[in-house]
Amino acid sequence: MNKLILGRYFPGDSWIHRLDPRAKLVAAIYFIFVLFLANNWQTYVFLWLFTTAVILLSNISIRTYLRGVRPLIWLILFTVFLQVLFTAGGEIYVDLGPITISKFGLINGFYIFCRFIMIIFISTVVTLTTKPIDLTDGMNALLRPLRKLKVPVDELSLMLSISLRFIPNLLDETQKVMDAQRARGTEFGEGSLVKQMKTLVPIFLPLFVSSLNRAEDMANVMEVRGYQSDVKRSTFRQLSWQQKDTISLLVMAMLTVALLVLRSNGFGH
Amino acid sequence: MMSTTVVEVENLSFRYDKRLKENILSNISMTVDQGEWLAVIGPNGSGKSTLAQLLVGLIEADSGKIRIKNTVMDDTSKWKVRRHIGIVFQNPENQFIGTTVQDDVAFSLENLNMPYDEMKFRVDQALDLVGMSSLRHHDPSQLSGGQKQRVAIAGILALKPSILVLDEALVMLDPKSRRELLTVLQNLKRKENISILSITHDMNEAALADRIILLESGKVKNCGTSEQLFVAEPDLEPPFPELLRRELLKRNRNIPNEYMTEEEMVNWLCKSRLTV
């Protein structure tokens, strides 16, 4: 569980930590789109400089980010591999009928690899520097227009925030149940796959029961404390948009301009 | 001093399984005055918790009436009534809705669509009352069970209620947290004049109440001050000072043959110069 970096929060007080979650979310999503503007080595170098700067600003060691890439590395390499094999053009190094390794293929593969890594790095920056609850609030704020389309945005974000709050409890409980089963002689992670699956049943059953009980308790508490889903609620957690948030979006705009200037123009050549 | 009645229960009956004839609660009548501490005791299955759920409108009575602050509890009025009555349940873990202490206290205020400034003021006030102001930014995993229960109480206090119902709220706490929470409750009663209705198995806790109601198989078996009740019900395990008094009496010590509170017992012990 400790190995999963994506989705974890690292407490801190860096410039990026203090940004408004809305600004971070918008900037990160925008970054993914802006990546597609890059089409030559100058633009990629520039994007790498930008990504490195953001990582440095987050004040979290690069090793943490690399660990975030690890679970996805095979998927990335597989995609890159396909790209290399099936892109033609330029000097050909290996020729096996329909499969060729060409200069363009290698370059394209490398670009795609960079794109993947940068997307992971930037989205990891967001999740590492923003509390899950702030992310929820940020998403709630950004999705607010959807309320007009009768999407239950507030309910969804309340659900999300309650689920987030119970993750540590569930992990604790899983540990307790596993310990209890171990004390009764269950051995986890041994035997055939079927046998291993079978040992999981006596874990999930008690967890399921206790989660249902918990949910019932919670529902009672929420009702008594006056929660009605169809009534307008105010929010105690306030997001405040500050100058630095505007600056961060301006930086994104400048990044776009720089990329537009640096990219090789496909037209007319 | 004139006391006003804040809770009035009239001939309340309830059963979970409507096919059965036997009631969980039958013909319960009782009142709670403003600023009164009322304990409800009784064996398991005597209907104590059912009574609590009826009082906050989580379930609906089959017959009888509940009046809270002169409003009759029904399906439409219950949302209003809940501004006057709050409940703390047994498991501290399952009552924490917010992600931090202050978020959780604000939850009931958010539900009223209260403006931010007033919420902030009320949250501060409520946290102060239960002595949790310094931990306002903590998340639930950093809190002890007793602290979580205090936050749950603060969440109710933020609504400025008249009645606080405790449904075995102290059961899952360690002795120290339990004592601390009891002190908090006593202060609330004294300073804020809040009525407390505590459902409990702990006779020492019950002995702190102004009045005790003993439930047995869904009926009020007895009701009175702890003095009246523990003398009238010899089968009931009495609170510690009374237990001690009975033991001393058995050993022919010259102790007055009447109920004693903890303070009276301490005073008597100091004066008596007991020799072994």
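These figures come from a predicted structure and were not determined experimentally.

The rules behind these values
Residues numbered from 1 in each chain as written. Chains lettered and ligands numbered in written order. Predicted model: local features only at pLDDT ≥ 70, side-chain atom pairs only at ≥ 80, totals over all residues. Helix = DSSP H or I, 4+ residues; strand = E, 2+ residues; numbered from the N terminus. Rg over C-alpha atoms; globule rule 2.2 N^0.38 Å. Buried ≥ 20, exposed ≤ 12 C-beta atoms within 10 Å, placed from the backbone. Contact = placed C-beta atoms within 7 Å. Domains from an automatic or database assignment. Nonpolar A, V, L, I, M, F, W, Y, C, P; charged D, E, K, R; others polar. Pairing = 2+ DSSP bridges. Axes fitted to C-alpha atoms, helices over the stretch in contact; angles between N-to-C directions. Core = buried A, V, L, I, M, F, W, Y, C linked by C-beta atoms within 7 Å. Expected span 1.5 Å × (residues − 1). UniProt positions renumbered as here; feature names shortened; annotations may be inferred.

A. Geometry of the overall build of chain A. Counting its regular elements, chain A contains nine helices and two strands. Reading chain A from its N terminus to its C terminus gives the helix and strand order α-α-α-α-β-β-α-α-α-α-α. For 269 residues, the compact-globule estimate of 2.2 N^0.38 gives 18 Å, and chain A exceeds it by more than 25% at 24 Å. Each of the three principal axes of chain A carries a C-alpha extent, and together these read 70 × 55 × 35 Å. Within chain A, buried positions represent 20% of all 269 residues. Sequence separation of 24 or more characterises 74% of the internal contacts of chain A that already satisfy a separation of 6 or more.

B. Just the domain arrangement of chain B, in detail. Residues and elements named next belong to chain B. If you check the domain split of chain B, you get domain 1 (5-234) and domain 2 (239-276). Each of domain 1 and domain 2 has a C-alpha centre, and these two points are 33 Å apart. On the side of domain 2, four residues touch domain 1, which itself brings seven residues to the contact. When contributions to the side of domain 1 that touches domain 2 are tallied by element, the ones reaching two or more residues are helix 7 (203-206) and helix 8 (226-232). Counting residues per element, the side of domain 1 that touches domain 2 draws most heavily on helix 8, which supplies four residues. Residues that form the side of domain 1 that touches domain 2 fall into these classes: four nonpolar, two polar and one charged.

C. Local environment of the sheet that holds strand 2 (residues 25-33) of chain B. Residue and element names in this part refer to chain B. Taking strand neighbours across the sheet as the criterion, the four strands line up as 2-1-4-5 in an open arrangement whose pairing is antiparallel. Sheet topology places strand 2 and strand 5 (71-72) at the edges, where each strand pairs with a single neighbour. The sheet contact formed by strand 1 (residues 5-14) and strand 2 spans six bridges and is antiparallel. By the bridge assignment, V7 is partnered in strand 2 with V32. With respect to the sheet, helix 1 (residues 48-55) is in contact with strand 1, strand 2 and strand 4 (63-68), its orientation differing from that of strand 1 by roughly 120°.

D. Fine view of the nonpolar core. The biggest cluster of nonpolar side chains holds 80 residues, and the ones touching the most others in it are V40, L55, V105, A126, A154 and V165 of chain B. Contacts of V165 of chain B, omitting those with residues within four sequence positions, involve A52, L55, V56, I85, G86, I87 and L197 of chain B. Ranked by size, the runner-up nonpolar core spans 21 residues in total, among them A38, V54, I60 and F121 of chain A.

E. Fine view of the interface of chain A and chain B. The partner chain B presents 28 residues to the 25 residues of chain A that form the contact. For the side of chain A that touches chain B, the elements supplying multiple residues, two or more each, are helix 7 (153-183) and helix 8 (193-224) of chain A. The element contributing the most residues to the side of chain A that touches chain B is helix 8 of chain A, with eight residues.

F. Spatial organisation of helix 5 (residues 103-129) of chain A. All names here are of chain A. Relative to the 39 Å expected for 27 residues at 1.5 Å per residue, helix 5 spans 39 Å between its end C-alpha atoms, a close match to the ideal helical length. Residues of helix 5 that are buried: G105, G109, M118, I120, F121, I122, T124, V125, V126, L128 and T129. Next to the buried residues of helix 5 lie helix 1 (21-34), helix 2 (41-58), helix 3 (62-69), helix 4 (73-86) and strand 2 (99-102).

G. Region of the structure containing the UniProt feature "transmembrane region" (unreviewed entry) in chain A. Residues and elements named next belong to chain A. Sequence positions flagged by UniProt for "transmembrane region" (unreviewed entry) are, in local numbering, residues 21-38, 44-60, 72-94, 106-129 and 247-266. For residues 44-60, the helix share is 88%, the strand share is 0%, and the end-to-end C-alpha distance is 23 Å. For residues 72-94, the end-to-end C-alpha separation is 28 Å, with 61% helix and 13% strand making up the annotated structure.

H. Just the sheet that holds strand 10 (residues 219-224) of chain B, in detail. Residues and elements named next belong to chain B. Taking strand neighbours across the sheet as the criterion, the six strands line up as 6-7-8-3-9-10 in an open arrangement whose pairing is mixed. One side of each edge strand has no neighbouring strand; the edge strands of this open sheet are strand 6 (85-88) and strand 10. Looking at each pair of strands side by side, their axes are set apart by 20° on average, direction ignored. Here strand 6 runs beside strand 7 (residues 163-167); their pairing, made up of four bridges, is parallel. Directly across from G86, in strand 7, lies its bridge partner L164. Contacting strand 3 (37-41), strand 6, strand 7, strand 8 (195-199) and strand 9 (211-216), helix 1 runs over the sheet at an angle of about 145° to strand 7. Strands strand 6 and strand 7 of the sheet are contacted by helix 5 (residues 145-157), whose axis makes an angle of about 170° with strand 6.

I. Summary view of the pairing of strand 3 of chain B. Residue and element names in this part refer to chain B. Burial analysis of strand 3 places five of its five residues in the buried class, which makes it a mostly covered element. The sheet contact formed by strand 3 and strand 8 spans four bridges and is parallel. Pairing of A39 across the sheet is with S198, part of strand 8. Here strand 3 pairs with strand 9 via four bridges, running parallel. Note on strand 9: the bridge partner recorded for A39 is I212.

J. Examining the pairing of strand 1 (residues 92-96) of chain A more closely. Burial analysis of strand 1 of chain A places just zero of its five residues in the buried class, a small minority of the element. If you look at the hairpin formed by strand 1 of chain A and strand 2 of chain A, you'll find two residues sitting between the two strands, and G97 of chain A has a positive phi there, around 70°.

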